[in-house]
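Close look at the chain arrangement
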Amino acid sequence: SNNNNNNDDDNKTKTVITNDNGVMLEALRSSGLYFSVHPNDGVYINRDKFCKHNYLYFLVKGKTNEGLFKKPYLLKQQNTIIISHAFGGSIRVNPKNENIVDSEGDKDILSRWEALPNDNSTILQFRNVKSGAFLRISDNNVSCCDAKSDPNTKFKVHVVQSPNIVKLESVSFENEYISVRQKGLMVGNGGPHCQMTLFRKD
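Source: prediction; values computed, not measured.

1. Side note on the overall build of the protein
The helix and strand inventory of the protein stands at 0 helices and 17 strands. Taken over 202 residues, the protein has a buried fraction of 43%. A sequence separation of at least 24 residues applies to 46% of the contacts in the protein between residues at least 6 apart. Working note: accessible area of the protein is about 11,500 Å², and carbon and sulfur atoms make up 45% of it.

This is the structure in structure tokens:
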């Protein structure tokens, strides 16, 4: 923090650069107070330095992700995609632990997956662009692992609405699907919470 007595500094912030997650803004005169944005609560001041809602992006005109991942992924060939769910976010690897997968993604690099279809596009594997790990269902949990050869990384594609609204069922575990509910990412039984929409980068 800055102890300069100039009153103009009272409302200023300093930028705390982090990593691929974005930046945090901390008050200059009040160390430990962070600018935070919550999807339900809006903008507020947070004392928890490690809260995920503190991470922000500076978007430069012409350099945003806004135009990316709007086209439907057609399941036909390898492509970079996002796996979008009904709550407005997408599936990503967790920024603090790349073996953990959650539903808090957007279009950033943690949320991007290489979709790898089999020859007739009925089975997909998903390799995370950032970590290189593969999405899988194992031990009644959605996670990541490094081995492409792991059979738990293969998903049977059920097209709900053509071309890109699908349900992803584990090949290894029948009736176990990737699912997102209000409390987050989990394994589902094929109900409406298992519906995912796949968008490609280009």
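2. Things to note about the environment of Asn97
Inspection of the secondary structure puts Asn97 in the loop between strand 7 (90–93) and strand 8 (101–105). Within the structure, Asn97 has its side chain in polar contact with the backbone nitrogen of Asn99 (distance 2.9 Å).

3. Quick look at the environment of Asn189
Residue placement: Asn189 occurs in the loop between strand 16 (184–188) and strand 17 (195–200). Through-space distance from the C-alpha of Asn189 to that of Glu169 is 8.8 Å; in sequence the pair is 20 residues apart. Apart from the residues lying within four places of it in its own chain, the contact partners of Asn189 are Asn175, Tyr177 and Cys194. Here Gly191 takes part through its backbone nitrogen, which lies 3.5 Å from a polar atom of the side chain of Asn189.

4. Structural notes on the pattern of salt bridges
Enumeration over the complete set of coordinates arrives at 4 salt bridges. The closest approach of N and O atoms between Arg92 and Asp102, which form a salt bridge, is 2.7 Å. Taken together, the residues span a long stretch of sequence, with Arg92 in strand 7 and Asp102 in strand 8 at a distance of 10 residues. Assigned by exposure class, Arg92 and Asp102 land together as buried. Between Glu98 and Lys130 there is a salt bridge whose closest N-O contact spans 3.2 Å. Here Lys130 lies in the loop between strand 10 (123–128) and strand 11 (134–138) and Glu98 lies in the loop between strand 7 and strand 8, a separation of 32 residues in the sequence.

5. Some details on the packing of aromatic side chains
Scanning all chains against the criterion turns up 1 aromatic pair. Pairing Phe126 with Phe155 gives two aromatic rings, centres 6.0 Å apart and planes at 55°, and the pair type is tilted. On the criterion of sequence distance, the pair formed by Phe126 in strand 10 and Phe155 in strand 13 (residues 155–161) is long-range, its members being 29 residues apart. A relative accessible area of 0% places Phe126 in the buried class. Residue Phe155 is classed as buried on the basis of its relative accessible area of 0%.

6. A short note on unusual backbone geometry
Along the chain, Ser162 connects to Pro163 via a cis peptide bond; the corresponding omega equals 5°. Structurally, the position occupied by Pro163 is in the loop between strand 13 and strand 14 (165–170). Unlike most non-glycine residues, Leu75 shows phi in positive territory, near 70°. Inspection of the secondary structure puts Leu75 in the loop between strand 5 (71–72) and strand 6 (79–84). With a phi angle near 60°, Ser121 is a residue other than glycine that sits in the positive phi range. With respect to the helices and strands, the residue Ser121 is situated in the loop between strand 9 (113–117) and strand 10.

Calculation rules
- Residues numbered from 1 in each chain as written.
- Predicted model: local features only at pLDDT ≥ 70, side-chain atom pairs only at ≥ 80, totals over all residues.
- Heavy atoms only, no water.
- Helix = DSSP H or I, 4+ residues; strand = E, 2+ residues; numbered from the N terminus.
- Buried < 20%, exposed > 50% of the residue type's maximum accessible area, 1.4 Å probe, protein only.
- Contact = heavy atoms within 4.5 Å.
- Areas by Shrake-Rupley, 256 points an atom, 1.4 Å probe, with all protein chains shown as cover.
- Polar contact = N/O pair within 3.5 Å; in protein donor to acceptor, adjacent residues only side chain to side chain.
- Salt bridge = Lys/Arg side-chain N within 4 Å of Asp/Glu carboxyl O.
- Phe/Tyr/Trp six-rings, centres within 6.5 Å; stacked < 30°, edge-to-face > 60°.

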